[in-house]
Number of protein chains: 2
Amino acid sequence: MRPSQALRLWQQVLLSQVRDGAPDLTMRQTAILLTIYLDPPPHTVRGLAARLNVTKPVITRALDTMGALKLVSRHRDELDKRNVLIRRTVEGALFVERFGDGIVDRAHELPI
Amino acid sequence: MRPSQALRLWQQVLLSQVRDGAPDLTMRQTAILLTIYLDPPPHTVRGLAARLNVTKPVITRALDTMGALKLVSRHRDELDKRNVLIRRTVEGALFVERFGDGIVDRAHELPI
DNA sequence: GCAATTCGTTTCGCTTCCGTTTCAGTCCTT
DNA sequence: AAGGACTGAAACGGAAGCGAAACGAATTGC
């Protein structure tokens, strides 16, 4: 894959998302969402903040937003009640799955 | 390319952007930026709004933000002074170029 | 048992974004 | 020259984001 093809793919995927009225997530929010769904659990606020090199409030706020969209859910850790465990949801899994399919579809449409 | 690989690639690219402190553009803003740099000019507010299926103020505001970041520039169309022509900048071209290279790099790092 | 640490959230003032509506400037046709 | 059509920006109230700092609750260490 060459850079020009990569950029074109990225553009087509974003255009399809925007045109379809998908939630307008920021780069940070999308990174958090994909990390939750691709990296092995458990996921904590602190862990995500470290993985993305951002402050904890950034994670808290992103979880607020994506929680309202039902893309993720929060649960107190019963073993250490200071922790919050972030879990996947059915809706979120569906969203991520569709997103991945969309990338593949756009890749196939790409000119060689 | 399979969906799981596509998602992993997307995640790695976003993570590298976020960790490096790149501007936290939204999906819409990124789509606008890439469209300006990949589609042939001229680009107008109205044209971009139609291409992305969003309202004109969305484009105006995105141009405000990305203009402040020096990623794009605006110029009045001298032939039809109602139009504003959006042009690429050196900084924007560099940003997009690096972004494309980043995607290719992450693609190479991906497990087969 | 009590201070120190850790965790996630909340608060503060500020900026940016949203959709809708309104506006000023510029064509274009008559 | 006058009316309407069109373009992009500005105004509005509301929502959400930011970094930095402070917070309560839970755990750990001495």
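Preceding block: the structure.
Residues numbered from 1 in each chain as written. Chains lettered and ligands numbered in written order. Predicted model: local features only at pLDDT ≥ 70, side-chain atom pairs only at ≥ 80, totals over all residues. Heavy atoms only, no water.

Thoughts on the packing of aromatic side chains
One pass over the structure, following the stated rule, counts three aromatic pairs over all chains. Ring geometry for Trp10(A) against Trp10(B): centres 3.5 Å apart, planes inclined by 5°, an arrangement best described as stacked. Of this pair, Trp10(A) sits in helix H1 (residues 3–19) while Trp10(B) sits in helix H1 (residues 3–19), placing the two residues on different chains. Here the two residues Trp10(A) and Trp10(B) agree in accessibility, since each one is buried. Ring centres 5.2 Å apart and planes at 90° place the aromatic pair Phe99(A) and Trp10(B) in the edge-to-face group. Pair noted here: Phe99(A) is in helix H5 (residues 90–109) and Trp10(B) is in helix H1, and the two residues belong to different chains. Each member of the pair, Phe99(A) as well as Trp10(B), carries the same accessibility label: buried. A connected cluster of aromatic rings, assembled from ring pairs, spans Trp10(A), Phe99(A), Trp10(B) and Phe99(B). (Phe/Tyr/Trp six-rings, centres within 6.5 Å; stacked < 30°, edge-to-face > 60°. Helix = DSSP H or I, 4+ residues; strand = E, 2+ residues; numbered from the N terminus. Buried < 20%, exposed > 50% of the residue type's maximum accessible area, 1.4 Å probe, protein only.)

Digging into the sheet that holds strand E2 (residues 72–76) of chain A
Residue and element names in this part refer to chain A. Ordered in space as E1-E3-E2, the three strands form an open sheet in which the pairing is antiparallel. Because the sheet does not close on itself, it has two edges, and the strands there are strand E1 (43–44) and E2. Most of the contacts of helix H2 (residues 27–38) go to strand E3 (residues 84–88), to which it runs at about 80°, and overall it touches E1, E2 and E3. (Pairing = 2+ DSSP bridges. Contact = heavy atoms within 4.5 Å. Axes fitted to C-alpha atoms, helices over the stretch in contact; angles between N-to-C directions.)

Describing the pattern of salt bridges
The final tally for this structure, using the stated rule, is twelve salt bridges over all chains. The closest approach of N and O atoms between Glu78(A) and Lys81(A), which form a salt bridge, is 4.0 Å. The same class applies to Glu78(A) as to Lys81(A), namely exposed. When the shortest N-O distance is used, the salt bridge between Arg106(B) and Glu109(B) registers 3.6 Å. With Arg106(B) and Glu109(B) both in helix H5 (residues 90–109) and three residues apart, the pair spans about one turn of that helix. The exposure class assigned to Arg106(B) is buried, which follows from its relative accessible area of 18%. (Salt bridge = Lys/Arg side-chain N within 4 Å of Asp/Glu carboxyl O.)

Looking at the protein's contact with DNA strand D
In the neighbourhood of DNA strand D, 21 residues make up the surrounding shell, with Arg28(A), Gln29(A), Thr65(A), Arg46(B) and Lys56(B) lying closest. Sugar and phosphate atoms represent 77% of those atoms of DNA strand D found within 4 Å of the protein. Within the contact set of DNA strand D, a phosphate oxygen lies 3.1 Å away from a side-chain nitrogen or oxygen of Arg61(A). Between DNA strand D and the protein, one listed contact pairs a phosphate oxygen with a backbone N or O atom of Lys81(A) at 2.9 Å. Taken together, the elements giving at least two residues each to the surface near DNA strand D come down to H2 and helix H4 (56–68) of chain A together with helix H3 (45–52) and helix H4 (56–68) of chain B. Here the surface near DNA strand D gets four residues from one element, more than from any other, and that element is H4(A). Per-class residue counts for the surface near DNA strand D are six nonpolar, six polar and nine charged. (Near = heavy atom within 4 Å. Polar contact = N/O pair within 3.5 Å; in protein donor to acceptor, adjacent residues only side chain to side chain. Nonpolar A, V, L, I, M, F, W, Y, C, P; charged D, E, K, R; others polar.)

With respect to the protein's contact with DNA strand C
The full set close to DNA strand C counts 22 residues, and Arg46(A), Lys56(A), Thr60(A), Gln29(B) and Thr65(B) are the nearest of them. Looking at DNA strand C alone, sugar and phosphate atoms form 67% of those within 4 Å of the protein. At 3.3 Å, a side-chain N or O of Arg82(A) approaches a base oxygen of DNA strand C. Asp80(B) is positioned with one of its side-chain polar atoms (N or O) 3.2 Å from a phosphate oxygen of DNA strand C. When residues of the surface near DNA strand C are traced back to their parent elements, those giving at least two are helix H3 (45–52) and H4 of chain A together with helix H2 (27–38) and H4 of chain B. Of the residues that constitute the surface near DNA strand C, the class distribution is six nonpolar, six polar and ten charged.

Details of the packing of H2(A) against H3(A)
Residue and element names in this part refer to chain A. Relative to each other, H2 and H3 sit at 120°, their axes nearing to 11 Å. Considered as vectors, H2 and H3 are oriented oblique to each other. Where H2 crosses over H3, the two elements pack in a sense that is right-handed. Facing H2, whose interface residues are Arg-28, Ala-31, Ile-32, Thr-35 and Ile-36, H3 presents Leu-48, Arg-51 and Leu-52. Of the residues belonging to the contact of H2 with H3, the class tally is five nonpolar, one polar and two charged. (Parallel < 35°, antiparallel > 145°, perpendicular 65-115°, else oblique. Left-handed = near helix turned anticlockwise from the far one by under 90°.)

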